[in-house]
Amino acid sequence: MTQALRRATRTLAGRAHVQHTLGFGVPATSDPHHFKVLIPKSSTGKVQISEYLGLQSASSDTAVIDRVLLDRPRWTAIRAEVQRAFNARLTAHALKPSAWKIGENPVDRLLGKELCVLAWAVEQLEASKIPVAVRNWLALRPEERWWLFGMTAMATGGVMDAGKGWRIALQHALGDVAQSELLCTRGRRSQNDRDDTRPSLDLFGDDTA
C-alpha cells in the first residue's frame, strides 16, 4: 500500500467515527435528551431556553421543561462568549461547531445545563455586572457547572422560579465579584496569615487547572 493510500485510508476511517450532530452537538438520533434555545425574530422578544427530555421523559406531559426566559439585551451580552466556549469544546471532540440563529437552536444536554447556569445568573443581574458573571462562568470547569445546574434545577429550575433560592445564589456567586479578584484577595490573605491553622473548606477546591 502506498503512503498516499495509507493516508487516505486513515482520513476516511477518522471521518467514519465523527458523529453527525445538529446545532451545538446534539446527536442526530431519534428524540435525544437535549436543550433548545428559541430566539425570536423580534429584536425585543425574549429568548427561551427549554430542556427536552426525549426518550427519558416519564410522560408527554413532562417531556419539555421551560427553564428560563432572558430579555434580549441580556442574551446579547452572553451569546458570543457562550458560542465561542461551546464551539471550542465541540471542535476538541471532533464535532462540528455551530452558531446562534433566529428560531430553534438545538444544544447538547450537558452544554444546555451549563448555559442554564449562566442564564439563571444573569436573568435579573445588573447589566454592568453581566461581563463579570460571564468571566466567572468561563472560569468554572464543566463538572462544576453541571453540579450547579443539578442543585438549582431540583427546586427552582422552572421558567417561573426567577428570584428564588439557588437562582438568587447563582446571581450573587457569579455576578458580584470577579474570580480573579477573589484569588488575589485569597493570595494576600494567605501570605499575611501563614500561622493561621484553622481549616477551610472550598466548594470546589483550589484546583484551577
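The following paragraphs examine the structure supplied in this document. (Residues numbered from 1 in each chain as written. Predicted model: local features only at pLDDT ≥ 70, side-chain atom pairs only at ≥ 80, totals over all residues. Heavy atoms only, no water.)

What to know about the pattern of salt bridges
Selection criterion: For salt bridges, the criterion is a side-chain nitrogen of Lys or Arg within 4 Å of an Asp or Glu carboxyl oxygen. Secondary structure elements are defined from DSSP: runs of H or I of at least 4 residues count as helices, runs of E of at least 2 residues count as strands, and each element is numbered from the N terminus.
Taken as a whole, this structure holds twelve salt bridges when the rule is applied. Taking the shortest distance from any N to any O, the salt bridge between Arg-74 and Asp-71 comes out at 3.8 Å. Here Glu-114 makes a salt bridge to Arg-89, at a shortest N to O gap of 2.8 Å. Here the residue Glu-114 occupies a position in helix α3 (residues 109–122), and Arg-89 occupies one in helix α2 (residues 72–92), the gap between them amounting to 25 residues.

Re the packing of α2 against helix α4 (residues 130–139)
Filter applied, for reference: Only the stretch in contact is used when a helix axis is fitted, and all axes are lines through C-alpha atoms; the angle between N-to-C directions ranges over 0 to 180 degrees. Orientation is classified from the angle alone, with under 35 degrees giving roughly parallel, over 145 giving roughly antiparallel, 65 to 115 giving roughly perpendicular, and any other angle giving oblique. Two helices cross in a left-handed way if the nearer one is turned anticlockwise from the farther one by less than a right angle. They cross in a right-handed way if the turn is clockwise. Whether two residues are in contact is decided by their heavy atoms: any pair within 4.5 Å suffices. Residue polarity follows a fixed list, in which Ala, Val, Leu, Ile, Met, Phe, Trp, Tyr, Cys and Pro are nonpolar, Asp, Glu, Lys and Arg are charged, and the others, Gly among them, are polar.
Packing of α2 against α4 leaves a shortest axis separation of 10 Å and a crossing angle of 20°. Taken together, the axes of α2 and α4 lie roughly parallel to each other. Considering only the axes of α2 and α4, their crossing is right-handed. Contact with α2, carried on its side by Arg-74, Ala-77, Ile-78, Glu-81, Val-82, Arg-84, Ala-85 and Phe-86, involves Ile-130, Val-134, Trp-137 and Leu-138 of α4 and no other residues of that element. Taken together, the residues that form the contact of α2 with α4 break down as nine nonpolar, no polar and three charged.

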